[in-house]
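# Structural description and commentary
So you can see what is in the structure, the chains are spelled out below.
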Amino acid sequence: MLTENMENTEKILVIGACGQIGGELTLALRKRFGNGNVIAADLRAPDTTAETALPYVQLNVLDKLALEELMTAESFTQVFHLAAMLSANGERDPQAAWKLNMDSLLHVLDLSVKYRVSKIFWPSSIAVFGPDSPKQRCPQQGVTAPGTVYGISKAAGEYWCNYYFEKYGLDVRSIRYPGLISYKTLPGGGTTDYAVDIFHSAVKGELFQCFLKENTVLPMMYMNDAVRATLELMDAPAEQVGIRTSYNLSAISFSPKEIYEEIKKACPDFKITYQPDARQQIADSWPQSIDDSVARLHWNWMAAYDLKSMVADMLDNIGTKVVVKA
Ligand SMILES: NC(=O)c1ccc[n+]([C@@H]2O[C@H](COP(=O)([O-])OP(=O)(O)OC[C@H]3O[C@@H](n4cnc5c(N)ncnc54)[C@H](O)[C@@H]3O)[C@@H](O)[C@H]2O)c1
């Protein structure tokens, strides 16, 4: 946190600022560095009512010229590049996913070298792991042989980040996020989206139809932890950031049945049915838990939320929102 006598010298660009992570990360960055020093950019038309409203630039990150114009107009010290097509949507249009996920990253890396951006954040995912990776406590160096185009793009992206670090000295930092759970923002087409949707059904008193089987355990994390992890990694002294592909990060692993049972303690009439779809195959290819000991060692990472505390906080906040609207 900046104190009154600390001068802020940061100018930050968040690309994909209207997404599930971007919305919350932009708010956290603005709280810390001041509204005017954090520019939100997204393909979406500006929403003047949103908390992420200003300063806002409508940007297609695939338009390298437009990105370059923005980077010449502002001398960014940090760029957070979050725009991507996620796992489930990516399987519906693999070519478009590859193009968005790869071309955009290369634009950001290339222009960041050209305009001497001090630090870059680009998220990877547990989707870099595949059917041949260890299912339990998948290690930092676990086999990355992904089974989805999204995972392939993240695995390739990690090597591009490492390449730019080694070749050009670009200070790129990355986290392999697990499935993220948030109440302020909605998920954007991933395989773990059910773990957010389930809360909205619970507070509305609706039957929840889960697209994964009841015992499908996946690594997950509460958004508060994910935002804090991102800021902590970006704060770490460069020499402590020993992994320049992407860090494994872990918090909670649970199945649809386990989260349902935890929610049911607060919403006793809540009902669930299981109707697995194509996302089941993606989920089955991923590890069930992640070993994040390297992140703990290098920059003292430690998750704060477990299943119980996350469910309580989600219900408090979503419940409050529903009451306010009614
Ligand atoms: N949410 C998760 O559970 C999760 C897990 C692992 C990794 N990640 C990664 O974190 C990043 C952010 O994920 P998210 O969940 O916030 O995604 P999201 O889909 O919610 O948001 C992505 C944002 O990017 C914007 N966007 C799409 N195409 C664009 C373009 N051409 N130019 C500019 N903006 C564009 C979208 O409008 C959207 O607001 C992604 O790289 C994703 O792969 C997310």
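Remember, predicted model here, so these are calculated numbers, not experimental data. (Residues numbered from 1 in each chain as written. Predicted model: local features only at pLDDT ≥ 70, side-chain atom pairs only at ≥ 80, totals over all residues. Heavy atoms only, no water.)

### So, the sheet that holds strand E6 (residues 124-125)
Within a sheet, adjacent strands bond to each other through the backbone by hydrogen bonds, running parallel or antiparallel. Counted only if it meets this: Two strands pair if DSSP finds at least two bridges between them. Counting from the N terminus, the helices are DSSP H or I runs at least four residues long and the strands are E runs at least two residues long. Every residue pair with non-hydrogen atoms within 4.5 Å of one another is taken to be in contact. Between N-to-C directions, angles span 0 to 180 degrees; the directions come from axes that are lines fitted to C-alpha atoms, helices contributing only their stretch in contact.
Read across the open sheet, the three strands follow the order E6-E8-E12; overall the sheet is parallel. Each edge of the sheet is formed by a strand with only one pairing partner; in this case those strands are E6 and strand E12 (247-248). Contacting strand E8 (175-177) and E12, helix H7 (residues 223-235) crosses the sheet at an angle of about 175° to E8.

### What to know about the pairing of strand E2 (residues 38-42)
Note the cut-off: For every residue, the accessible area (1.4 Å probe, protein chains only) is compared with the maximum for its type, and the residue is labelled buried under 20%, exposed over 50%, or partly exposed between those bounds. Think of it like this: strands point away, you trace from the first strand over the helix to the second, and a clockwise trace means the crossover is right-handed.
For E2, the buried fraction is high: five of the five residues fall into the buried class. Burial along E2 is two-sided: the face carrying Val38, Ala40 and Asp42 and the face carrying Ile39 and Ala41 are both buried. Pairing geometry for strand E1 (residues 12-15) and E2, over four bridges, is parallel. Considered in E2, the bridge of Ile15 is made with Ala41. Tracing the backbone out of E1, into helix H1 (residues 20-33) and back to the parallel element E2 gives a crossover that is right-handed. As judged from the three bridges shared by E2 and strand E3 (residues 56-58), these two strands associate in the parallel manner. Each residue of the ladder has a partner; that of Ala41, found in E3, is Val57.

### Looking at the packing of aromatic side chains
For any pair of aromatic rings, the description rests on two quantities: the centre-to-centre distance and the angle between the ring planes. Under the convention used in this document: By convention, a stacked pair of Phe, Tyr or Trp rings (six-membered ring in the case of Trp) has centres within 6.5 Å and planes under 30 degrees apart, an edge-to-face pair has planes over 60 apart, and any other such pair is tilted. Charge-over-ring contacts are defined here by two conditions on Lys NZ or Arg CZ: a distance within 6 Å of the ring centre and an angle within 35 degrees of the ring normal.
This structure, assessed with the given rule, holds eleven aromatic pairs. Ring plane angle 70° and centroid distance 6.1 Å describe the contact between Tyr163 and Tyr164, whose orientation is recorded as edge-to-face. Taken together, the ring pairs connect Trp160, Tyr163, Tyr164 and Tyr168 into an aromatic cluster. The ring of Phe211 is capped by Arg279, whose NZ or CZ atom sits 3.5 Å from the centre of that ring.

### Quick word on the pattern of salt bridges
To be explicit about the condition: When a carboxyl oxygen of Asp or Glu lies within 4 Å of a side-chain nitrogen of Lys or Arg, that pair is called a salt bridge.
Under the counting rule described, the total for this entry stands at 15 salt bridges. Between Arg279 and Asp277 there is a salt bridge; the shortest N-O distance is 2.7 Å. Residue classification places Asp277 among the partly exposed positions, given a relative accessible area of 33%. A salt bridge links Asp292 to Arg296; the nearest nitrogen and oxygen atoms lie 2.7 Å apart. Judged by its relative accessible area of 4%, Asp292 falls in the buried class. Judged by its relative accessible area of 36%, Arg296 is partly exposed.

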